Amino acid sequence: MIRAMTLIPLSPIDYVFTGRGAYPIEFVFAYDGTIDAGRLEESLRRSLAAFPPVGSRFVRLPDGGLAFDPYEGGCTFRVAQSETTYAETERRTVFLDPVDGREGEPLGRVLLTRTPNGCVLGVSLSHAVADGYSYFAFLSSWARLFRGEPFPPPSHARGALVQAVDGSASAAAAGEALGAGGLFRAGPRPEVDRAHLRVLRHVLSRAELVAMHEEAQAGNPVRLSHNDTAAAWLWKKCLVEWADPDPALDTYLSCPVDFRRLHPAAGPAYFGNAVVLATASIPRGELAEVPLGDLATRVRRAVDAVDEEAVRRSLLALERLRRTEGLGAMEECHVVHPRQGLLLTNLSRLPVSEVAFDAGPPVAFDILTPGVRGAVALPEPGGGIDLRVFLPVA
């Protein structure tokens, strides 16, 4: 049960996922067996005591900022019935009860759907509440509580990230740092139109990944990962087709970098958003012909450039922007270039098996996060990766 608690102010990076054009994090998990709905809801309520932002709503602070306000209806729970199985259901958003992220609305919604051969658990959570790492930390902790097992307590030190921001920097320095944090200020974000998103899927086998990596690494003094080369491959494949044909315009590939190990105020137990965008670029005119190793090297160097100082500069820029221009300015911050960019999140090591209730681990899952021009790398059996790209319908 959620009781009256102190408000939890948002951190600087949380604000990027508020307001117009903000999208939630959403997954659905399919189970062969049934899950006891009463026990599931009861354990959910108890888990919110350890994860209060999940059971909260946005409220306005006197300084014009926002805070998480934990309250009794802060995470809704519903049970539904489906006449078709998970595998037979083409549009799997029917297994979700999406959050909308407006002030006063619940920031977490859970839907348990009974199907002819099992059940599906859909969890929609405001991205301001959590990044992908924290999303699964919450789900696995909730599942442990359901099973009567202990779980490591999360840290909610969002205020420490705000206190680390030095407000003495000039506006020019703050603007420069916004770009250094991989963000684009490109006018108001459009509303997310979930009904008109299409998903492109590219599955790379383990053998294809190895061959691709060998090609990129040959003669390259920079040590590359398989993720670097897969990101480079997707960058070229997608943006050669989508980007403006003007050869002088830059194209961008952005990758979220977790800063829990970089920022002393965060740490591995931090629950919230702990990401900085590593962004690489190349002119459109060079993209088609550039060797894969060159693109992969650009990705690796962008990721390696994210250190503690880069994190602090990014947080500084976001905090100064909000304080000087208000919440409307945060709706102009894009995590991906809206015309010439692609955002790739590596989720190839998701702890899906830990989301196990009385029906055991999920037998299937899907990501439904409606991030336009966003892509995810999901695990594929046999060591490959499943690349999915979310685009608006032309």
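I will try to describe carefully the structure that is included in this document.

**Topic: the sheet that holds strand E6 (residues 108-115)**
Turning to step 1, where the next piece is worked out: The 5 strands are arranged E5-E6-E7-E2-E14 in an open sheet whose pairing can be described as mixed. Whereas interior strands pair on both sides, the edge strands pair on one side only; in this sheet they are strand E5 (75-81) and strand E14 (364-367). Mean inter-strand twist for the sheet, computed between neighbouring axes without regard to direction, equals 15°.
Turning to step 2, where the next piece is worked out: As defined by bridge partners, E6 adjoins strand E7 (residues 118-125) across 8 bridges and the pair is classed as antiparallel. Directly across from Arg109, in E7, lies its bridge partner Ser124.

**What about the packing of helix H5 (residues 206-217) against helix H6 (residues 226-242)?**
Turning to step 1, where the next piece is worked out: As a packed pair, H5 and H6 sit with axes 9 Å apart at the nearest point and diverge in direction by 90°. The orientation of H5 relative to H6 falls into the category roughly perpendicular. The segment H5 lies against H6, with Arg206, Leu209, Val210, Met212, His213 and Ala216 engaging His226, Thr229, Ala230 and Trp233.
Turning to step 2, where the next piece is worked out: Within the contact of H5 with H6, the residues separate by chemical class into 6 nonpolar, 3 polar and 1 charged.

**Structural notes on the sheet that holds strand E4 (residues 66-70)**
Turning to step 1, where the next piece is worked out: Pairing is antiparallel across the open sheet formed by 3 strands, whose spatial order is E1-E4-E3. In this open sheet, the two edge strands, each paired with only one partner strand, are strand E1 (8-9) and strand E3 (56-60).
Turning to step 2, where the next piece is worked out: Where E3 lies against E4, 5 bridges are found, and the strand directions are antiparallel. In the strand pairing of E4, Val59 is matched with Ala67.

**Focus on the environment of Phe29**
Turning to step 1, where the next piece is worked out: As for its placement among the helices and strands, Phe29 is situated in strand E2 (residues 25-31).
Turning to step 2, where the next piece is worked out: Overall, Phe29 belongs to the buried group, its relative accessible area being 0%.
Turning to step 3, where the next piece is worked out: When the C-alpha atoms of Phe29 and Tyr15 are compared, they prove to be 28 Å apart, with 14 residues separating the residues in sequence.
Turning to step 4, where the next piece is worked out: Excluding its chain neighbours within four sequence positions, the residues that come into contact with Phe29 are Cys119, Val120, Leu121, Tyr135, Phe136, Leu139, Val352, Val355, Pro362, Ala364 and Phe365.

**Quick word on the nonpolar core**
Turning to step 1, where the next piece is worked out: By size, the foremost hydrophobic cluster in this structure holds 111 residues, and its most contacted members are Trp142 and Phe357.
Turning to step 2, where the next piece is worked out: Examining the composition of this core, we find that 8 residues originate from one element, H6, more than from any other.
Turning to step 3, where the next piece is worked out: Excluding residues within four positions of it along the chain, Trp142 makes contact with Leu40, Ser43, Leu44, Ser47, Val110, Leu121, Val123 and Phe357.
Turning to step 4, where the next piece is worked out: Within the second largest apolar cluster, 7 residues are counted, among which are Tyr86, Leu96, Val120 and Leu368.

Rules behind the numbers
- Residues numbered from 1 in each chain as written.
- Predicted model: local features only at pLDDT ≥ 70, side-chain atom pairs only at ≥ 80, totals over all residues.
- Heavy atoms only, no water.
- Pairing = 2+ DSSP bridges.
- Helix = DSSP H or I, 4+ residues; strand = E, 2+ residues; numbered from the N terminus.
- Axes fitted to C-alpha atoms, helices over the stretch in contact; angles between N-to-C directions.
- Parallel < 35°, antiparallel > 145°, perpendicular 65-115°, else oblique.
- Contact = heavy atoms within 4.5 Å.
- Nonpolar A, V, L, I, M, F, W, Y, C, P; charged D, E, K, R; others polar.
- Buried < 20%, exposed > 50% of the residue type's maximum accessible area, 1.4 Å probe, protein only.
- Core = buried A, V, L, I, M, F, W, Y, C linked by side-chain atoms within 4.5 Å.

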